[in-house]
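Here is how the chains run, residue by residue.
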Amino acid sequence: MKRRMAYKPPKKEFDERVVDITRVAKVVKGGRKFHFRVTIVAGNNNGRVGIGTGKAGAVPDAMGKATKQALNDMRKISLTGTTIPHEVTGKMGGAVVLLKPASRGTGVIAGGGVRAVVEAAGVRDILTKSLGSANVLNVVKATMNALDQLRSPEDLAAMRGKSVKDVMPFWERRKNG
């Protein structure tokens, strides 16, 4: 009797989230030609995250293109424990995103595109506010812009000529005395 192997789906090493699916139109001589634009965020939940957009005539094709672009666009994000090291503001087009570090146990206080990006990056405690435009693609890009501006406490201490203890977030200083 032949033994059947149980199907095991391939293990995903990245957390992929679909942020936006939009139908876009190109006006041609015969009328409108429709395509789909998909925005995907991919991250390893441990400090690496990327965004990708793909456009195609069908949603699955666009998702494949977006996923490939997101995996190629992976960037390293500076984290301090479960949060970010300092407050930062990111801008893209009319969208402005404010990211603030939060103490342990706060959770992710964010909406839509911002939540997808910070959770995929591995941030567990953060306060955010989306200011300006509500365009999802620009909000996601503004969030990535903000995360790119983050510097580790070690880099900040070296840049300012201070000890690492002096530039840590206030709750870390309070904990260590």
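Residues numbered from 1 in each chain as written. Predicted model: local features only at pLDDT ≥ 70, side-chain atom pairs only at ≥ 80, totals over all residues. Heavy atoms only, no water.

Throughout the structure, instances matching the rule amount to 6 salt bridges. We note a salt bridge from Arg-75 to Asp-73, for which the minimum N-O separation is 3.3 Å. The exposure class assigned to Asp-73 is partly exposed, which follows from its relative accessible area of 21%. Here Arg-115 makes a salt bridge to Glu-119, at a shortest N to O gap of 3.0 Å. Highlighted residues: Arg-115 and Glu-119, both in helix α2 (residues 112-121), separated by 4 residues, approximately one helical turn. On the basis of relative accessible area, Arg-115 is assigned to the partly exposed category, the value being 31%. The exposure class assigned to Glu-119 is buried, which follows from its relative accessible area of 16%. Where salt bridges share partners, they join Asp-15, Arg-17, Arg-115 and Glu-119 into one cluster. (Salt bridge = Lys/Arg side-chain N within 4 Å of Asp/Glu carboxyl O. Buried < 20%, exposed > 50% of the residue type's maximum accessible area, 1.4 Å probe, protein only. Helix = DSSP H or I, 4+ residues; strand = E, 2+ residues; numbered from the N terminus.)

Here we come to the environment of Ser-78. Tracing the backbone shows Ser-78 in the loop between β4 (75-76) and β5 (88-92). You can call Ser-78 buried: its relative accessible area is 15%. On a C-alpha basis, the gap between Ser-78 and Leu-147 in space is 7.8 Å, while along the polypeptide they are 69 residues apart.

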